[in-house]
Amino acid sequence: MLQNILDFLMEYGYLGMFIHSFADAVIFPVPAFFLQVPLSLVDPSQALWIATVGYIACLIGTPVGYFIGKVLGKSVLYKLLKKEWIDSATEMFQKKGEVAIFIGSFTPIPFKVFTIMSGCLKFPLWKLIGYAAIGRAVKFYAVGLLFYFYGKMAENMVHNVSLYIFLTVVPLILIGLWVKKIVAKRRQLKMESNGVSNGINEKLMNK
């Protein structure tokens, strides 16, 4: 049945890509990647436009998935998706919500798991959209650029694109978050130090 839906969407080109990508962030269990690739294969010169349509639709669908999770709760995920997908996403969120969204942009786990779960766990919507905007751009345009530059030969490359992105981008994200944490900690220590100094100065002036 899912293949019949994909074949139906395939016939509508850009519109089919928009619908699939929007649904990928909301309810459809098959990632948009599986329509982006065959559409790009038909006409590689249009691969970047296909990526753009999918990317925009995903961002529009992201808050919809978020509010579904916020209103209906986590139980809706178990009715729509595989338990192992949900358990993996939950584990990621418990460790670090931001990293979970980035990683979720590159893994085979349908992105709706992360949009709905963000709503369930009341993760800030603006953060979800911001991180999704970066992560999904990398995924959509990595596929689009491969087809644009390598044409139909890219068909043999794109199936490992998630792995390549994961091995290159995720470490950079982790390093960035680590640096951010150190900077924030130093800033806090500096503020505490200034507070202590100001307190001492006030005591000296009052004497």
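All values reported here derive from a predicted model rather than from experimental measurement.

Reading guide: rules and limits
- Residues numbered from 1 in each chain as written.
- Predicted model: local features only at pLDDT ≥ 70, side-chain atom pairs only at ≥ 80, totals over all residues.
- Heavy atoms only, no water.
- Helix = DSSP H or I, 4+ residues; strand = E, 2+ residues; numbered from the N terminus.
- Expected span 1.5 Å × (residues − 1).
- Core = buried A, V, L, I, M, F, W, Y, C linked by side-chain atoms within 4.5 Å.
- Buried < 20%, exposed > 50% of the residue type's maximum accessible area, 1.4 Å probe, protein only.
- Phe/Tyr/Trp six-rings, centres within 6.5 Å; stacked < 30°, edge-to-face > 60°.
- pLDDT = per-residue confidence, 0-100.
- UniProt positions renumbered as here; feature names shortened; annotations may be inferred.

A. Representation of helix α9 (residues 125-150). If you check α9, its first and last C-alpha atoms are 37 Å apart, about what 26 residues at 1.5 Å a residue would give, namely 38 Å. One or two positions beyond α9, positive phi appears at Gly 151, with a value near 65 degrees.

B. Examining the environment of Val 113 more closely. Relative to the elements of secondary structure, Val 113 occurs in helix α8 (residues 112-120). It is 10.0 Å that separates the C-alpha atoms of Val 113 and Asp 87, two residues lying 26 residues apart in sequence.

C. Quick look at the nonpolar core. Ranked by internal contacts, the top residues of the largest apolar core, which has 31 residues, are Met 17, Phe 93, Ile 101, Phe 111, Met 117, Phe 123 and Phe 140. If you list the elements that add at least two residues to this core, you get α3 (33-42), α4 (47-72), α5 (75-80), α6 (83-95), α7 (97-106), α8 and α9. Phe 33, Val 37, Leu 146 and Ala 154 belong to the second-largest nonpolar core, a separate cluster that totals eight residues.

D. Representation of the packing of aromatic side chains within the structure. Under the definition given, this model contains five aromatic pairs. Plain terms: the ring middles of Phe 33 and Phe 34 are 5.4 Å apart, the flat faces sit at 90 degrees to each other, and that makes the pair edge-to-face. In this structure Phe 33 comes out as buried when scored by relative accessible area, which is 12%. With centroids separated by 5.9 Å and ring planes inclined at 65 degrees, the aromatic side chains of Tyr 55 and Tyr 141 adopt a geometry described as edge-to-face. Of this pair, Tyr 55 sits in helix α4 while Tyr 141 sits in helix α9, and the two are 86 residues apart along the sequence. Accessibility expressed as a relative area gives 17% for Tyr 55, which makes it buried. The exposure class assigned to Tyr 141 is partly exposed, which follows from its relative accessible area of 25%.

E. Quick peek at the confidence of the model for the chain. Averaged over all residues, the pLDDT of the chain equals 80, while 76% of them reach at least 70. When pLDDT is averaged over each helix and strand of the chain, the minimum, 67, is found for helix α10 (residues 161-206) and the maximum, 94, for helix α2 (residues 13-24).

F. View of the UniProt feature "transmembrane region" (unreviewed entry) in the chain. UniProt's feature table lists "transmembrane region" (unreviewed entry) at residues 12-35, 47-68, 99-121, 128-149 and 161-179, given in the numbering used throughout. Helix makes up 62% of residues 12-35 and strand 0%, and the two end C-alpha atoms of the span are 11 Å apart. In this annotation, residues 128-149 is assigned 100% helix and 0% strand; the end-to-end C-alpha distance for the span is 31 Å.

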